[in-house]
Amino acid sequence: MLILSIESSCDESSAAILQDSRLLALETRTQTVHRSYGGVVPELAGRSHLQLMDAVVQTAAQQAGRALVNVDLVAATAGPGLVGSLLVGINYARGLATALDRPFRAVHHLEAHLWSAELSAGELPRPFLVLLVSGGHTLLILVHGLRDYHVLGSTRDDALGEAYDKVGKLLGLSFPAGAEVDRLAAEGDPTRFAFPVPMSDSSTDFSFSGLKTAVVYRVRNMSDTEARKETPDLLASFQAAALASVMLKVECALQLSGSQALVAAGGVAANSQLRLRLRKLAAERGVPCFFPELEFCGDNAAMIGYLAWKLETAGIRDRASQPVRPRWPLELLGAGDASQ
Ligand code: KG4
Ligand code: ZN
């Protein structure tokens, strides 16, 4: 089955071609228009998707060496995400499916992240625990199987990636700042500033806005020159507190869940310190640890196509007329969702 998949939920315009579960080509363009605004501007994101969508689809098809007329299934992200951005991707995909007289499948963005590590690792041992960390989401989910998910924890305020981006912005880094924070923190001293470890209790929920505010107050008392000089130490200390909290929650969820494997997914799963710590914890607990390849951590169409294939082969059929759903809790997927 030749699959064309499209992802456009936020600021990545992405298309992929898969032959069943095997990725043939992936073309992802991160929109640069948002950099000077310090965050994603929804209106600009929608317009950029309009400009980029045809080019990413054509490039993916060319790289795969396949003509679009041979596509058997078209899939696109239906939510959650920015409504204007989702509409561009889903309408493009539906229009193409109609023109080709092929089926269309709407995909849940977070559900696609959950399975993204399988793109390179193959089938994972179940149940597996996923730490899903991105610019918009921070979740701990136990995956028993397809459409069998148990949300163990989520953030009460900011997402982890959002905290990285906000702290990076405070210190003059451009958006999105996560990768640069990762790089600069490696040069800093994580013990230089004692920031509070958020939610250091035994719950599996997260909170990062208090930590972010603590960094804001610390920087406010510094001159510009001092803040510039201290940036690596500030970032290393922020990251140490943020990840200490994340690791507490993961440890707690591993203990509770009887998980057979530990998985990280989403943009922040690219973080080098987080990967190190998760690997160490998994080794201590005697469970295997899986990460998606870096290009499958952030938003990408490969994971959308892969999930479409999984659902298709499992015979799970959702409503073909699924509208875009900017808010679409993962818990509403499967049995009991009125839209299924
Ligand atoms: O999954 P993603 O591409 O988009 C969303 O759905 O949000 O994640 C983007 C987020 C941004 O907040 C970005 O700063 C963060 O992932 N990020 C990182 C790293 N690479 C990307 N955060 C920490 N360390 C990294 N290496
Ligand atoms: Zn995402």
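Structural data are supplied above this passage.
So, helix H2 (residues 83-100)
Right, on to step 1. End to end, H2 covers 25 Å across 18 residues, agreeing with the expected 26 Å (1.5 Å per residue, within 8%).
Right, on to step 2. Packing partners of the buried residues in H2 comprise strand S1 (2-7), helix H1 (42-64), strand S4 (73-79) and strand S5 (104-108).
Right, on to step 3. Of the residues trailing H2, Asp 101 is marked for its positive phi of about 60 degrees.

Topic: the state of the cysteines
Joining two cysteines, a disulfide is a covalent bond between their sulfur atoms.
Right, on to step 1. According to the stated counting rule, one finds zero disulfides in the structure shown.
Right, on to step 2. You can see Cys 252 has no disulfide; the closest cysteine sulfur is in Cys 289, sitting 18 Å from it.
Right, on to step 3. Judged by relative accessible area, which is 15%, Cys 252 ranks as buried.
Right, on to step 4. Just so you know, Cys 289 is unpaired, no disulfide at all, and the nearest cysteine sulfur is the one on Cys 297, 12 Å from it.

Comments concerning the sheet that holds strand S8 (residues 148-154)
Right, on to step 1. If you trace the five strands from one edge of the open sheet to the other, you get S8-S7-S6-S9-S10, paired in mixed fashion. In the strand order of this sheet, the two ends are held by S8 and strand S10 (289-290), each with one partner.
Right, on to step 2. Across two bridges, strand S9 (residues 261-265) lies against S10 in parallel orientation. Counterpart to Val 263 in the pairing with S10 is Phe 290.

Considerations on the coordination of the zinc ion (ligand 2)
A four-donor tetrahedral metal ideally has 109.5 degree angles, and a six-donor octahedral metal ideally has angles of 90 or 180 degrees.
Right, on to step 1. Taken together, His 109 (NE2), His 113 (NE2) and Asp 299 (OD) make up the full set of protein donors to the zinc ion (ligand 2), lying 2.1 to 2.2 Å away.
Right, on to step 2. Geometry at the zinc ion (ligand 2) is irregular, judged from the four donor atoms that bind it and their angles of 90 to 150 degrees at the metal.
Right, on to step 3. Considered as a linear motif, the donors of the zinc ion (ligand 2) on their single chain read H-x3-H-x185-D. Taken together, the positions of His 109 in helix H3 (residues 109-115) and Asp 299 in the loop between helix H10 (294-297) and helix H11 (301-313) put the pair 190 residues apart, joining distant regions of the chain. With respect to class, His 109 is no different from Asp 299; both count as buried.

Scoring rules and cut-offs
- Residues numbered from 1 in each chain as written.
- Chains lettered and ligands numbered in written order.
- Predicted model: local features only at pLDDT ≥ 70, side-chain atom pairs only at ≥ 80, totals over all residues.
- Heavy atoms only, no water.
- Helix = DSSP H or I, 4+ residues; strand = E, 2+ residues; numbered from the N terminus.
- Expected span 1.5 Å × (residues − 1).
- Contact = heavy atoms within 4.5 Å.
- Disulfide = S-S within 2.5 Å.
- Buried < 20%, exposed > 50% of the residue type's maximum accessible area, 1.4 Å probe, protein only.
- Pairing = 2+ DSSP bridges.
- Donors = N, O, S within 2.8 Å, 3.2 Å for Na, K, Ca; no water.
- Tetrahedral: all angles 85-135°; square planar, octahedral: opposite > 155°, others 65-115°.

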